[in-house]
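Secondary and tertiary structure notes
Residue strings, one per chain:
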Amino acid sequence: MSKRPLTPCLWMLCWLSVAWFGVLSVKAAPLTLAAASSLRDSMNALVQQFERDHPEHPVRMVYGSSGKLASQIMHGAPYDIFFSAHADYSDRVAAAGLAGAPPVAWAEGRLVLWHPAHPGLKPEDLSSAAIRHIAIAQPRHAPYGQAAMEVLGRLADDQLQQRLVFGENVGHATQMVQSGAAEVGLIALSVVRGTALRGTSYTEINPDWYQPLTQTLMLTRQGADHPSAQLFLAYLQQREARDLFAGFGYLPLTQSLEPFHVAE
Amino acid sequence: MSPNDWQAVWLTLQLGLATTVILLVLATPLAWWLAFSRSRWRTPVQALVALPLVLPPTVLGFYLLLLLGPQGAIGGTLEALGFRHLAFSFTGILIGSVLYSLPFAVQPLAESFRTMGVRPLQIAASLGAGSWDRFRSVVLPLCKGGFIVAATLTFAHTLGEFGVILMVGGSIPGETQVLSVLIYDHTEALNYGAAQRLSLGLLVFALAVLLVVYGFNYRGPVRQRHHQQAEQ
């Protein structure tokens, strides 16, 4: 009985696939930015402007919780610049030896209570029976989720714990409220200022109630070699970029991102 | 549809096609062995092949991430040799897809080889047909349905893959952001219109594929003969 009946055809298919990968692997990678979900709307707006001004420097975006992105970088993800919603996560990546330049704190984020169907709701009203579900981002790897837990801890109502539903990141927590599955969410100010939610009702949380959400950005070791990285970092420092982020509720922290420039 | 959406469509098709081609090449000899071998290793191998059917995709994705990443046995070796490791790359999600869709290629093929049996090949051999000739003019036509079902199921299953790709690939546009991952990303961005369009497209496609598969399953003459034999 024959054991190997298909050799020639198989070899042809093998070589075809090898040739295919050869073709796939030669394309140059665009500048890849990994950013916290809370930055999605503002960063998309900025990248759109950047690509309009510099069409020869394509950019691709990856969004996720800061903790997830940091963990991906530590597992070798090809991200050139990392925008974290908390200094902790960029510090961890730097401690792992994967920074191209030290992280820089550039802005502070704000937590809000988003309540599209309950206008005027205050954090103290979360104990009301009308609120059955409170959506927050997963505190173990999402900074806004961590801040939300601090706020809830301050309200000192054990019942609230049972009402929590966890999104994978701020975007996912927002989606839970948007879909009506949860009544309210503790999410980022930059998200409710985004195009999808503009005009809906929210209450800003007293910033003293949670640890500062220090937004950091960090050039990764891989990004240090990318031809578009410095251009993008310079673009970030321009007035227009700063105004754009301020429009999304970010409080600027630095006058200059100078420490970012890698010594040649 | 935005350029990013089209990019994901193209990437998904590439992944599906590459997975199907590779799996047909790998699965044919494996299915043949499973169909006819009397080795005591047959049952363990059969179980291994079927494992992706019951294993959570996150388990497979987790192990692959460890293996293919810069510190992993495979990724680390590649790095040491001066290549890039495979986590968060197209090759990485391709390896994941091949493993994840393995039973969808092997099982229909093994089933159709078993149904054909060894008789037709013995007759062809006695008439002087060489091994390649026997494959081309006996196995291929008799098991055509099996090959078509294996290819379509593999392709469709790869398109529906989510967990493995999310873990091994992240969600990098043009590299690892396939349709299923992009839909997830669109919903997180509250971009429901785009998520709707892509979801509807995949729904219609999946239904069309299943119609093809069941069409071949029930009309295949080989299979009917097999059922009659089984009843006697």
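Residues numbered from 1 in each chain as written. Chains lettered and ligands numbered in written order. Predicted model: local features only at pLDDT ≥ 70, side-chain atom pairs only at ≥ 80, totals over all residues. Heavy atoms only, no water.

1. What to know about the UniProt feature "transmembrane region" (unreviewed entry) in chain B
All names here are of chain B. Per the UniProt record, the feature "transmembrane region" (unreviewed entry) sits at residues 12-35, 47-66, 86-106, 146-172 and 198-216. Helix makes up 90% of residues 47-66 and strand 0%, with an end-to-end C-alpha separation of 23 Å. Between the C-alpha atoms that bound residues 198-216 there is a distance of 27 Å. The span itself is 100% helix and 0% strand. (UniProt positions renumbered as here; feature names shortened; annotations may be inferred. Helix = DSSP H or I, 4+ residues; strand = E, 2+ residues; numbered from the N terminus.)

2. Some remarks on the sheet that holds strand β4 (residues 104-109) of chain A
All names here are of chain A. Within the open sheet, the six strands sit side by side as β2-β1-β3-β10-β4-β11. Their pairing is mixed. A single partner strand is all that each edge strand has here, and the edge strands are β2 (59-64) and β11 (251-252). Direction of pairing for strand β1 (residues 31-36) relative to strand β3 (residues 81-84): parallel, over a ladder of three bridges. The residue bridging L33 from the neighbouring strand is I81, located in β3. In the packing of helix α4 (residues 87-95) onto the sheet, contacts are made with β3 and β10 (213-219), and the angle to β10 comes to roughly 30 degrees. (Pairing = 2+ DSSP bridges. Contact = heavy atoms within 4.5 Å. Axes fitted to C-alpha atoms, helices over the stretch in contact; angles between N-to-C directions.)

3. Some thoughts on the packing of helix α1 (residues 3-36) of chain B against helix α8 (residues 144-159) of chain B
Residues and elements named next belong to chain B. Close contact between α1 and α8 brings their axes to 8 Å; oriented N to C, the two are set at 140 degrees. Accordingly, the angle class assigned to the pair α1 and α8 is oblique. α1 and α8 meet at a crossing whose hand is right-handed. Between α1 and α8, the contacting residues are T12, L13, L15, G16, L17, T19, T20, L23, L24 and T28 on the first element and F147, A150, A151, T154, F155, T158 and L159 on the second. Class assignment for the residues of the contact of α1 with α8 results in ten nonpolar, seven polar and no charged. (Parallel < 35°, antiparallel > 145°, perpendicular 65-115°, else oblique. Left-handed = near helix turned anticlockwise from the far one by under 90°. Nonpolar A, V, L, I, M, F, W, Y, C, P; charged D, E, K, R; others polar.)

4. Brief notes about the nonpolar core
Counting residues in hydrophobic clusters, the biggest one holds 68 residues, and the most contacted among them are F83, L126 and F232 of chain A. The greatest single-element share of this core, amounting to six residues, is contributed by helix α5 (residues 143-155) of chain A. Counting residues domain by domain, this core receives three or more from each of domain 1 (31-109 + 212-260) and domain 2 (111-209) of chain A. Each residue touching L126 of chain A, except ones within four places of it in the same chain, is listed here: L113, L121, I131, I134, L152, L155, L160, R163 and V184 of chain A. Among the nonpolar cores identified, the runner-up in size contains 24 residues, and V98, V106, A124 and F147 of chain B belong to it. (Core = buried A, V, L, I, M, F, W, Y, C linked by side-chain atoms within 4.5 Å. Buried < 20%, exposed > 50% of the residue type's maximum accessible area, 1.4 Å probe, protein only. Domains from an automatic or database assignment.)

5. Some words on unusual backbone geometry
Most peptide bonds are trans, and most residues other than glycine sit at a negative phi. Of note in this structure, A156 of chain A is not a glycine but carries a positive phi near 50 degrees. Structurally, A156 of chain A can be placed in the loop between α5 and α6 (159-163). Positive phi is not limited to glycine here, since L190 of chain B has a value of about 60 degrees. Looking at the secondary structure, you find L190 of chain B in the loop between α10 (179-188) and α11 (192-219).

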